[in-house]
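# Tertiary structure, described
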Amino acid sequence: MFLGRRLRNQSFFLQKGYVGGQAGKWACFLVLLVLSEIILLLTTVEKSEALPAFARKYKADCAMCHYPVVPRLNSFGQQYRRAGYRTPGEFNQDQGFFNVNNMLAGRVLSQFVYEDKEGKVDRTEFRDPDISLYYSGAISRNFSAWIHATANNSTNVDFHGHIQAVWGESDSFFSFRSGQMHMLQQQGIGGFDSPVAISTTPINNVPLTSTGNPVTFTFNKRQKGIELAYIRGPGQLRLQITNGLNEDGSGTADPGDIDSDKDYLVAYDHILDDIASGFTVFYYNGTTHGTVTGGFPPSAIDREFNFWRTGVNASKIFHIPEFGFFELQGGYTRSHDNNPTGTATGLDKDGNAFYVESQQYITGPEVTFYERFSLIDVDLARDNSTRKDYTIGVVTPVQTWLRVTAEYTFTDNDATGLKDHVGILELQINY
């Protein structure tokens, strides 16, 4: 079975050290039902051994680093990323800087989307949400590089990247990163890792306090800064110091924030087993600003807004003999915005958000089903100011380099009055 090959590959390296409009809802459900049957039929296609960059380098299956499908990482993949894309046996060893075939990879996403937003006309749309090229890997004895060029539904190309250095041994080492980096999303464990689903929980990618508040911070934004981390065995403690967000809510703009204040993230990640279970605890403290008028002395809307976010994200995977694996993951985030008196916003804001998700990985057909519930309370000055999201989906690797996903989400946002149904069919190619 493909799963057996996944676990054998991983074991080898470890041994080496290594509810709204009814018509819209039923349309989405029917579309997903048909698409799910198509996906299950597609899984009979012979699996290819064409492999992206790191798998090419080690002449191994992509499952060496990923579970249950690309891009979600297993424990070996987590450790490999922490170490600057080195296996334990490659610590303090020279690397091939110009071996581009082992460092160059790409990704293409193509989607068909159905959306039923209450009060508006239903719509369908073909999307091309991501075309990416990556150059990443260990480039010397101690240094690594990550360069990502991406185009999102446009002809504009965004470049970002960072340099990483590691010192120590494979079971205990320090890591330093500098550049434009992801903070928690795509760098943590469970819901903070790259997702099995098309979407991630909204508690990680939408503001968690009330609409109109100047604090537009979200965990999925990239920022410019540095990170120092200490990795010992399955644990990683890290500190990030970043520019923070500018008055437009961007962490990547140049120039960035308008003063010398920096944002700080402290996080601890811990891997619990050899597949992908683990947890991340975090605390983020930052500052941002309202509209900047440039007057002197600064007007009320020019004042600083201090905020913090803290919480935990965890996942646990259980093996079910002769069936596959069952995963339960979830997270909670507490938010606080300290808004100065005299501003248009006025009072301080406190938010609470959590999500729970289950995944069922079935061996044989290599299919993963997932279900997620997310709730965000944005602390409006009235009852029932929550946003609730319900998501279901199914994903399978048709080939080792191709995955197909069908997903449906219903959003019930009492804070804004929005009720939205979205169904997505996505093809993702990694090469």
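Going by the structure above, here's the rest.
Before going into details, it helps to say that this report is about the structure given with it. (Residues numbered from 1 in each chain as written. Predicted model: local features only at pLDDT ≥ 70, side-chain atom pairs only at ≥ 80, totals over all residues. Heavy atoms only, no water.)

### Some thoughts on the overall build of the chain
Summing up its helical and strand segments, the chain has 4 helices and 16 strands in all. Residue burial in the chain is summarised as follows: out of 431 residues, 54% are buried. (Helix = DSSP H or I, 4+ residues; strand = E, 2+ residues; numbered from the N terminus. Buried < 20%, exposed > 50% of the residue type's maximum accessible area, 1.4 Å probe, protein only.)

### Things to note about the packing of aromatic side chains
All chains considered together, the criterion is met by 23 aromatic pairs. Residues phenylalanine 217 and phenylalanine 307 carry aromatic rings whose centres are separated by 5.5 Å and whose planes lie at 40° to one another, so their mutual orientation is tilted. Within this pair, whereas phenylalanine 217 is found in the loop between β5 (172-182) and β6 (222-232), its partner phenylalanine 307 is found in strand β10 (residues 304-320), the two being separated by 90 residues in sequence. With a relative accessible area of 2%, phenylalanine 217 lands in the buried category. With a centroid separation of 6.1 Å and an interplanar angle of 15°, the aromatic rings of tyrosine 390 and phenylalanine 410 are classed as stacked. With tyrosine 390 in strand β14 (residues 386-399) and phenylalanine 410 in strand β15 (residues 402-413), this residue pair connects regions lying 20 residues apart in the sequence. (Phe/Tyr/Trp six-rings, centres within 6.5 Å; stacked < 30°, edge-to-face > 60°.)

### Things to note about the pairing of strand β7 (residues 235-242)
As judged from the 8 bridges shared by β6 and β7, these two strands associate in the antiparallel manner. When the sheet's bridge partners are listed, isoleucine 226 is paired in β7 with isoleucine 241. In this antiparallel pair of consecutive strands, β6 and β7, the connection spans 2 residues, and glycine 233 shows a positive phi of 60°. (Pairing = 2+ DSSP bridges.)

### Observations concerning the environment of arginine 81
Residue placement: arginine 81 occurs in helix α4 (residues 75-82). Arginine 81 sits in the buried class, given a relative accessible area of 14%. Along the chain, arginine 81 and glycine 137 lie 56 residues apart, while their C-alpha atoms are 9.2 Å from each other. In contact with arginine 81, not counting residues within four places along its chain, are Leu73, Gln164, Gln186, Gln187, Gly188 and Asp193. Here the side chain of arginine 81 touches glutamine 186 through a polar contact of 2.7 Å, landing on its backbone oxygen. (Contact = heavy atoms within 4.5 Å. Polar contact = N/O pair within 3.5 Å; in protein donor to acceptor, adjacent residues only side chain to side chain.)

### Describing the environment of arginine 127
Here arginine 127 shows up in strand β2 (residues 123-138). Sequence separation between arginine 127 and leucine 109 is 18 residues, and the spatial gap between their C-alpha atoms is 8.4 Å. In contact with arginine 127, not counting residues within four places along its chain, are Leu109, Ser110, Gln111, Val113, Glu115 and Asn153.

### Things to note about the nonpolar core
Residues Leu184, Phe217, Phe219, Phe282 and Ile376 are the most contacted members of the largest nonpolar core, which totals 21 residues. If you list the elements that add at least two residues to this core, you get β8 (263-271), β9 (278-289), β10 and β12 (349-362). Judged by nonpolar contacts, the second largest core, of 11 residues, contains Phe54, Tyr58, Tyr134 and Trp146. (Core = buried A, V, L, I, M, F, W, Y, C linked by side-chain atoms within 4.5 Å.)

### Focus: the pattern of salt bridges
As enumerated under the stated definition, the model contains 20 salt bridges in all. Of the charged contacts in the structure, one is a salt bridge between arginine 72 and glutamate 327, with a shortest N-O distance of 2.8 Å. A residue pair is termed long-range when its members are at least 10 positions apart, and arginine 72 in the loop between α3 (53-58) and α4 and glutamate 327 in strand β11 (residues 324-338) qualify at 255 residues. Residue class for glutamate 327 comes out buried when judged on its relative accessible area of 1%. Here arginine 387 and aspartate 389 are joined by a salt bridge, their closest N and O atoms 2.7 Å apart. When its relative accessible area of 4% is taken as the criterion, aspartate 389 is described as buried. Taken together, the salt bridges that share partners define one network made up of Glu115, Lys117, Arg123, Glu125 and Arg127. (Salt bridge = Lys/Arg side-chain N within 4 Å of Asp/Glu carboxyl O.)

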